Each structure stands twice: as structure tokens, then as C-alpha cells.
Amino acid sequence: MPGRRWKRRRKERGSGWRVRPDRAQTPTTSRTELSMPAPSMPSSVASLRIAVLGAGKIGSALAFHLVRTGGHDVTVVARPGSPRLQQMERDRVIVDVKGERAGVQVASRLDEAVPYDLVIVTLLAHQADALLPALRRSAATGIQFMFNTFDPERLREAIGDERCSFGMPFVQAMLTADGRLDAKVGTGGQRTIMDRQRWVDLFNAAGLPAALEPDMPLWLRCHAPLCVAFESVSIAGERRGSGASWGQALTLARGLRASFALIQALGHEVYPKTKRRLQRSPTWAVAAMLWSLSRVRPFRRLLATGEAECRSLVDAMAAAASLATSPVDVAAVRAMAPKGRTRAASEVVQLR
């Protein structure tokens, strides 16, 4: 019967992609797919009072999404006397390259009396030291450090465990010459990681893909050497204009191995397993990876602005070697620092 033949043909075709000779491939959706729930995400997050310390590329990107998508009341604290502060005090908005605007409050210092629900610190590790007394006195109920650090426990001790949390923003962001934000979030499936589920939910609801990482302090300590290697090889590549030399990549690979050995000598494991695999890889293979990455222009241009951060992390790792329980090749660790200085190193203070 015609009805049975039609059902049999439909069953043979199945659901999914249907190809017609006169049309481009068109996806079809089954009844089951229509009834499936959307991926889990907080349906709503109450509006919070948030302060973002750092008005550079990372701080601006987070503030932009927390206001525009999340609907939160955000105050951005910029470096006193900086051009970025002057610009934001004039405009009172963060504008992206598409012309979209997010209204924010602007300040040159953190108001310690304001009971912020969350203070997000996006400065560099060595810059945050000067703010620790103010953060300790602050009436804020939550303080989240979101930068690379080799000594996260020191920050937790300064603030207190009940208020302190850590995260790492995986956001590709730049500021144009006129201060407009050019940011990409979730590129390649990347997600910001944090150790408090409440802030994970906050970021996801604000359009900033995030995931929970229960051991952020160890993750940060083990990420610091890799951050140094990526930034240093990018700086070397930018200076040469065509990528780092093999000798530079090899020096960084040796330093990376020595840094992981330092972490173990301090009584920690190398974490997570992706970094353990990197630690076990031959030095030449790690050098080849770094040499190749330095030839990817978007990669090196993005990370070559991190010279100040790179040097700060190298100094922190070298200083920690005095506490190691076994010998550590400190010279190899120090050799990871960029050679010479560039103008970018002084600019990174206001760009982060």
C-alpha cells in the first residue's frame, strides 16, 4: 500500500541530513530532538553589586558582559591617573568594536565601605600586593582573584578563606587605540574556570562560559610555568618578526621542565594530567611545540603584551626555590624571562 511504502522509505532515510539534488544540504530535526531540554544553565541570577579591579582588556571584557548580558551593577576601578581612567570617567561606558555599550560606574580606588557581593581582581599578581590591605578591610562578601600566580595561598591567607576564591579568565580580548573592546568569549570551547559554583553560575548567566575547577590554587601554580613559556616565546617571536629561534624555544622547554620539578620539590603534584603529560614529554618535543606556536601570529600578538607578568612569575618561581626539599635548576627557571625590555612591558599595567 502507498502509506506503508512511504513509511518504509521514511524509516530508511532516518532523521538528520536530507540531500536533495536541487537544494543545499538542509538539517532536519526529529520530534525527539524538539522535546529535548536545552543545556543546563542558570535560568536567572539575581542582580549583584560587583566591583572589577582593573580596567584593561580582561577587566573590561568581564565588566561588559556582566552588565550587558548579566544585568548587574558594576563598578570598574581603573589605575589612578591613567588614560584609561580618564576615558572611562568621561564616557561612563564600555564600548566594543561593534558599537554596543555597557554602562558602568567608574572609580580610581575601591570603596572599602561598599558591601559588594563580589570584587573581581584582574590585575597582575605583583600589582595586587598593594591592594591586599584594602581588600582585607573591604566590606565585600566575596573576593575573586583572576590572574596568574605561583603563590595563591598567600592571597588566601591575606583575605581569609571564607571570602577568597580563585579563577582564570579564558577570554581573548584587546583594547583598540581609541579604547574600544574587541573580545571573544568561548572561542574553541574555552571556558573560564573558577572554584566556587556560585560564580560559575554567575558567569554562565552573563554569557561568559565557565566551569568549576575544585583545586584552583594547584591549577594556578602549575599553570604559571606554562604561562611564562607561552608569553616569553611570543615576545621573542614578535621581536624577531617571524617567530622565536630554535635556541629560544629550547631554553624555554628546559625552563618549563625545571619549573615542574620545582613544583614537585615544594611538595605538590603536577596538575592536571595534561601538564603531567607535558612534563613527561621529551624536551625537544616541547621546544618544537613552542617554536611552532611562536609562528602563529594571532597567538604571539595576543601574548606578547605579557612581559611584565612573565617577569613577575619568573621571579616568584625563583624565590620559591629556597623552600624546595630537593635541588632545583633555578638558572633554567630564570632563563625563561624575556631578554631585554620592550615598550609593551610598561603598557601592560593599564591594558590588562
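Residues numbered from 1 in each chain as written. Predicted model: local features only at pLDDT ≥ 70, side-chain atom pairs only at ≥ 80, totals over all residues. Heavy atoms only, no water.

### As for helix α12 (residues 283–293)
Then step 1. Buried residues of α12: Val286, Ala287 and Leu290, and no others. Buried residues of α12, viewed axially, fall in a sector of 100 degrees; they line one side.
Then step 2. Next to the buried residues of α12 lie α9 (216–240), α10 (246–265) and α11 (273–280). (Buried < 20%, exposed > 50% of the residue type's maximum accessible area, 1.4 Å probe, protein only. Helix = DSSP H or I, 4+ residues; strand = E, 2+ residues; numbered from the N terminus. Arc of directions from axis to C-beta. Contact = heavy atoms within 4.5 Å.)

### Describing a nonpolar patch on the surface
Then step 1. Taken together, the side chains of Trp246, Trp284 and Trp291 present a nonpolar region at the surface, about 370 Å² in accessible area.
Then step 2. Mapped onto the fold, Trp284 is located in helix α12. (Patch = residues over 30% accessible without salt bridge, like charges linked within 9 Å, V, L, I, M, F, W, Y side chains within 5 Å. Areas by Shrake-Rupley, 256 points an atom, 1.4 Å probe, with all protein chains shown as cover. Salt bridge = Lys/Arg side-chain N within 4 Å of Asp/Glu carboxyl O.)

### Here's the deal with the nonpolar core
Then step 1. Counting residues in hydrophobic clusters, the biggest one holds 66 residues, and the most contacted among them are Val119, Val121, Leu135, Ile143, Phe145 and Leu290.
Then step 2. In terms of residue count, α9 provides more of this core than any other element does, 13 residues in total.
Then step 3. If sequence neighbours within four positions are ignored, Leu135 has contacts with Leu53, Leu110, Val119, Val121, Ile143, Phe145, Ile159 and Arg163.
Then step 4. One finds Leu118, Leu175, Val200 and Phe203 within the second-largest nonpolar core, a separate group that totals 35 residues. (Core = buried A, V, L, I, M, F, W, Y, C linked by side-chain atoms within 4.5 Å.)

### Here we look at empty space enclosed by the protein
Then step 1. For the structure on display, the rule yields one cavity of 30 Å³ or more.
Then step 2. There is about 50 Å³ of room inside the largest cavity.
Then step 3. Taken together, Ala253, Leu256, Arg257, Phe260, Leu278, Gln279, Ser281 and Val286 make up the full set of residues lining the largest cavity.
Then step 4. Every element with two or more residues in the lining of the largest cavity is listed here: α10 and α11.
Then step 5. Considering every element that reaches the lining of the largest cavity, the biggest residue donor is α10, with four residues.
Then step 6. Class assignment of the residues belonging to the lining of the largest cavity gives a composition of five nonpolar, two polar and one charged. (1 Å grid on protein atoms, 1.4 Å probe; cavity = no way out; pocket = protein on both sides within 12 Å on 5 of 7 lines; lining within 4 Å. Points joined across faces, edges and corners; volume = space filled by probe spheres on them. Nonpolar A, V, L, I, M, F, W, Y, C, P; charged D, E, K, R; others polar.)

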